[in-house]
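So you can see what is in the structure, the chains are spelled out below.
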Amino acid sequence: MRARSLFLLVVALGLTATLAACGGSSKSGSKTTTSNSTSAGAAGGTFLAVAKAAPSGSPDPQIDYTLQEWQLLIFTHDGLVAFKRVGGTEGTKIVPDLVTSIPNPTDGGKTYTFTIRKGIKFSNGKELKPSDVKYTFLRLFKIGQSPNAGSWYNVIVGGDACVKTPKTCNLDQGVIADDAKSTVTFHLTRGDPEFLDKLAVPFAFILPTGTPNKEAQIPPPGTGPYKWAQYNTNKQIKLVRNPFFKLWSTDAQPAGNPDVIVEKFGLSDEAQVTEVENGQADWMFDTPPADRLNEMSTKYPSQVFINPLTAVYYFAFNVRVPPFNNLKARQGVNYATDRNALVKIYGGPKLATPTCQILPPGFPGYKAYCPYTKNPGSGKWTAPDLAKARQLIAASGTKGATVKVNTDTTDVNKAFGEYFVSLLNKLGYKAQLQALSADIQYPYCQNSKNKVQFCYSSWYQDYPAASDFLNVLLGCSDFVPNSSASPNISEFCVKPIQAQMNAALKTGILNPTAANTQWAAVDKAVTDQAPWVSMLNPKYLNFVSKRVKGFQFSPQWYFLIDQASVK
Amino acid sequence: MAVFEPEAELATLDIEELGGEVAGRSPWALAGRRLLHNKLAIAAAVVFVLIVAVSFAAPLYARHIAHTDAFTSNLSGTFRLHGKTIQVIQQGTGKLGLGETPVAPTWHAKYFLGADSQGRDVATRVLYGGRASLEIGIGSAVLASVLAVVFGLIAGFFGGWTDALLSRLMDLIWAFPVYLLAISLATVLLTAPNGLRIGFVHLNASSLWIPLGIIGVIYVPYVFRPIRGQVLSLREREFVEAAIAQGASNLRLIFSEVLPNVASTVIVLLPLMIATTILTESALSYLSIGVQPPKASWGTIIEDGQGLLYTRPWVAIAPGIMIVLTVLALNVLGDGLRDALDPRSKLRMKG
């Protein structure tokens, strides 16, 4: 999932459409020290969150692609399977949710048959049936705006045709629902090692049959412990208890603690910090401003929770446009980059870790690797190597070239851009900053027509799979010329590396462990080609009020709001 | 050249204020004497000249006093103060050690006003920023005035369709809110992939000429209106008719009879326009659509300082003070010039 700032993971919906990913990310939780949860509290009360703005894009769960809404949807709706709702690495495990067990795929990974649990009801009182599952997937295509319908779910037989002509979508061969036997069978066109992950995210959360096939202005009824009572983008979101909810799996969908969950909009970052400090709000969604961190660290340390994320911040070289169509030039800039300086811009070593590679630490396929440092070998970045950088750039013959450093206008990202302008000028290039509004910067970079030479971006996992970084961001098929929905902004396509990726994807269907070894090799090969300057892996800072108990941080969904107690 | 003769009241006022003979002196000389007697205006002029001087001395300050480069990031840098090595960007204190804070003002040559979030010397950037703000402010005010005088003379003198066409064009520009128009133009020009190309002129997006041109153009109507009005009135005056009777050409009438009589209006308006354009430039740069980083202007420095208001307020306060002083000085100077060049306004006020 692409994100613009650490907390505001609002992917411009229409922009990343058809691409990959969304979701949470990270590894184990740690409260600056090591724990990822506070002591559990009692049920009841109203949990009040504050945010700058409502989730961007549509409220419809099959369209929305923001962490902000997904953090709420996970306890109002369910998928057939779910990421285990706990903090720490356990939170990346797939567990059965609306189904009784997770089936082993048959037919070479192309067929999945699920048995649906009985007695589960939607918040409108209707009982869940297998036919609701088929209806949900038909709707996913029929609404025509679901960003990943064409890239994630088109693997279902009939999916490609549905993407082309949503109105006449027919999944009779792809999703077979049997209400009498309580089973649903999915037939895929090819084995997909990430199919279960894709069933566990909100696009695939089950909706009742009859939900209109048009964009909803408030999420339709779901099966979780809460239901949506209000969705006013100018004021607030309100969730109340679902009277029809009965616990069926603590792992997948535990009962929540607060009776009511409210997220209020329209507060600046500064105001959010102040409200949480004063106990007027329980949690701030947005990034605390850098200027207030010291104050939080000094006066409210027990209310701060810091957790690493499986995300990467990077600047992408355009490998097809001079001067960075030259490998030595790209490697030279990588050697010269002072990643500690970039970590400082982000907020310091407590909030980010320098990196040289694509995959974030703790991610499937991750093996520490950093060639672009002084004294390489340990896999960790230690210091820039300016001498080597200058030598490579001189050998590349690109010195003196004009470079536009493209970034967005948010404080931190603009500061990254300014750093690189300064660095590139120091290395002999003629660099200028091109800071665009955060709304247009990412699609602008994606479109090859704009010939962007060096572009800031960041990526947060959608689900824990190496391909979600390597294939989505650097795979040949994810470079779409002249399109603003082309996540491979480096325009990187090296056939032998793509063949390695394809092989890893194939292995992953039946042997994920072996596949991860292959992905580690892909990560190394890509890093050597230097399509990016990988800068840092961020950490997530949550700031909660004094009365919040039971803080848990899931690597997939981040702060598990419903598991916190305010009583 | 024919110029209005001072009226009797004015002569009396001049005698009272200047305390000497006024007969035989040119209006410009009288205006100069009036200005010199206005202590507040002279003080304002001195302040403005000082600000210009120190701003344009920025490279000397950077090289010989602060020993720094105002445009290069220095996030991992250190410097020596009182025998100690100090990090330019310092890790937060507190139990969790969160946040990174630039060094506070040292009140010494190095980092006199502290550092910004890129580790750059704020004092040096304020001086460089002043240079950019003044260049753009003065340049755009001059550009607006020159264009307005040309258009105003043509429209007012020829009248008819020429006047209607130029006046409607100015109305069109005036109809847009200033900042909205400036933001629209700046957004288009700054995002143009290859900068701005007009014929053989090529400006890259970071060129100071872009904000200068944008601000200059949007303020043309504000000077055009009074100039045109004055030209319309002058065209009917006896001395113009006399020149026509003597067979003077249009060009001669415009340059010899009309232009000298609108010059004082332009001179009075110019400092006020500079003040306005400096404020506009600062606002646009603050919104990231004026001067482009790593170049600095007072607006960009305030933007840089906005995120440091709690811990390092001087980053925003210093350029703010410079803007206030400059604009105040220019406004007071403008008032002084108006009093000197158009003493009737003072008479009217007395009356």
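This text follows the structure it describes.
Rules behind the numbers
- Residues numbered from 1 in each chain as written.
- Chains lettered and ligands numbered in written order.
- Predicted model: local features only at pLDDT ≥ 70, side-chain atom pairs only at ≥ 80, totals over all residues.
- Heavy atoms only, no water.
- Core = buried A, V, L, I, M, F, W, Y, C linked by side-chain atoms within 4.5 Å.
- Buried < 20%, exposed > 50% of the residue type's maximum accessible area, 1.4 Å probe, protein only.
- Contact = heavy atoms within 4.5 Å.
- Pairing = 2+ DSSP bridges.
- Helix = DSSP H or I, 4+ residues; strand = E, 2+ residues; numbered from the N terminus.
- Disulfide = S-S within 2.5 Å.
- Phe/Tyr/Trp six-rings, centres within 6.5 Å; stacked < 30°, edge-to-face > 60°.
- Buried area = accessible area lost by both parts, 1.4 Å probe.
- Salt bridge = Lys/Arg side-chain N within 4 Å of Asp/Glu carboxyl O.
- Polar contact = N/O pair within 3.5 Å; in protein donor to acceptor, adjacent residues only side chain to side chain.
- Nonpolar A, V, L, I, M, F, W, Y, C, P; charged D, E, K, R; others polar.
- Axes fitted to C-alpha atoms, helices over the stretch in contact; angles between N-to-C directions.

**Overview of the nonpolar core**
Reasoning step 1: Counting 143 residues, the largest nonpolar core has A:Phe137 and A:Phe186 as its most contacted members.
Reasoning step 2: Excluding anything up to four places from it in sequence, A:Phe186 contacts A:Leu80, A:Lys110, A:Thr111, A:Tyr112, A:Phe114, A:Val133, A:Phe137, A:Ile156, A:Gly174, A:Val175 and A:Phe195.
Reasoning step 3: Listed in part, the 79 residues of the second largest apolar core include B:Leu208, B:Ile210, B:Val231 and B:Ile289.

**Things to note about the sheet that holds strand β7 (residues 226-231) of chain A**
Residue and element names in this part refer to chain A.
Reasoning step 1: Taken together, 5 strands build an open sheet; the order of strands is β7-β8-β9-β1-β10 and the sheet is mixed. Only two strands of the sheet have a single neighbouring strand rather than two, namely β7 and β10 (283-284).
Reasoning step 2: Pairing between strand β1 (residues 46-50) and β10: 2 bridges, direction parallel. Among the inter-strand pairings, Val50 is bridged to a residue of β10, identified as Met284.

**Looking at the state of the cysteines**
Residue and element names in this part refer to chain A.
Reasoning step 1: For the structure on display, the rule yields 4 disulfides over all chains.
Reasoning step 2: The disulfide that involves Cys356 links it to Cys370, with 1.9 Å between the sulfurs. Residue Cys356 is found in the loop between β13 (352-354) and α10 (386-396), and its partner Cys370 is found in the loop between β13 and α10; the two are separated by 14 residues along the sequence.
Reasoning step 3: Classification of Cys356 by relative accessible area gives buried; the value is 4%.
Reasoning step 4: Each bonded cysteine of chain A is numbered by sequence order, and under that numbering the disulfide pairs are 1-2, 3-4, 5-6, 7-8.

**Describing unusual backbone geometry**
Reasoning step 1: Look at the link from A:Pro322 to A:Pro323: it is a cis peptide, with omega at 0°.
Reasoning step 2: Mapped onto the secondary structure, A:Pro323 falls in the loop between β12 (311-317) and α8 (327-336).
Reasoning step 3: Cis geometry is adopted by the peptide bond preceding B:Pro294, which originates at B:Pro293 and carries an omega value of 5°.
Reasoning step 4: Positionally, B:Pro294 belongs in the loop between α11 (250-286) and α12 (298-306).
Reasoning step 5: Unusually for a residue other than glycine, A:Asp107 sits at a positive phi of about 55°.
Reasoning step 6: Relative to the helices and strands, A:Asp107 is located in the loop between β3 (94-96) and β4 (111-115).
Reasoning step 7: Residue A:Asp107 is classed as exposed on the basis of its relative accessible area of 51%.
Reasoning step 8: For A:Asn375, which is not glycine, the phi dihedral falls at a positive 50°.

**Comments concerning the packing of aromatic side chains**
Residue and element names in this part refer to chain A.
Reasoning step 1: With the rule as written, the count across this model stands at 50 aromatic pairs over all chains.
Reasoning step 2: Plain terms: the ring middles of Tyr112 and Phe195 are 5.2 Å apart, the flat faces sit at 40° to each other, and that makes the pair tilted. Residue Tyr112 is found in strand β4, and its partner Phe195 is found in helix α5 (residues 195-199); the two are separated by 83 residues along the sequence.
Reasoning step 3: Given a relative accessible area of 5%, Tyr112 falls into the buried group.
Reasoning step 4: By relative accessible area, which is 0% here, Phe195 ends up buried.
Reasoning step 5: The interplanar angle of 65° and the centroid separation of 5.4 Å between the aromatic rings of Trp152 and Tyr463 together place this pair among those described as edge-to-face. Residue Trp152 is located in the loop between α3 (130-142) and α4 (159-164), and its partner Tyr463 is located in the loop between β16 (454-460) and α13 (467-474); the two are separated by 311 residues in the primary sequence.

**Topic: the interface of chain B and chain A**
Reasoning step 1: The interface is formed by 39 residues belonging to chain B together with 35 residues belonging to chain A.
Reasoning step 2: When chain B packs against chain A, the two sides together hide about 3,000 Å² of surface, and 51% of this comes from carbon and sulfur.
Reasoning step 3: Ranking the residues of chain B by area buried against chain A places B:Leu96, B:Leu98 and B:Tyr310 at the top, with a combined share of 23%.
Reasoning step 4: Put simply, chain B and chain A have 2 salt bridges between them.
Reasoning step 5: Linking chain B with chain A are 18 residue pairs in polar contact (both at pLDDT 80 or more).
Reasoning step 6: Elements supplying a minimum of two residues to the side of chain B that touches chain A: β3 (89-91), α7 (178-191) and α12 of chain B.
Reasoning step 7: Here the side of chain B that touches chain A is built from residues that sort into 14 nonpolar, 20 polar and 5 charged.

**Quick notes on the pattern of salt bridges**
All names here are of chain A.
Reasoning step 1: Evaluated as defined, the whole model comprises 27 salt bridges over all chains.
Reasoning step 2: Close ionic contact of Glu90 with Lys93 constitutes a salt bridge, the shortest N to O distance being 2.7 Å.
Reasoning step 3: For Glu90, a relative accessible area of 30% corresponds to the partly exposed category.
Reasoning step 4: With a relative accessible area of 45%, Lys93 lands in the partly exposed category.

**Observations regarding the sheet that holds strand β5 (residues 175-178) of chain A**
Residue and element names in this part refer to chain A.
Reasoning step 1: Pairing within the open sheet is antiparallel, and its 3 strands lie in the order β4-β6-β5. At either end of the open sheet lies a strand with only one pairing partner, and these are β4 and β5. Direction aside, neighbouring strands of the sheet carry axes that sit 10° apart on average.
Reasoning step 2: Note that β5 and strand β6 (residues 183-187) share 4 bridges and pair antiparallel. The residue bridging Asp178 from the neighbouring strand is Thr183, located in β6.

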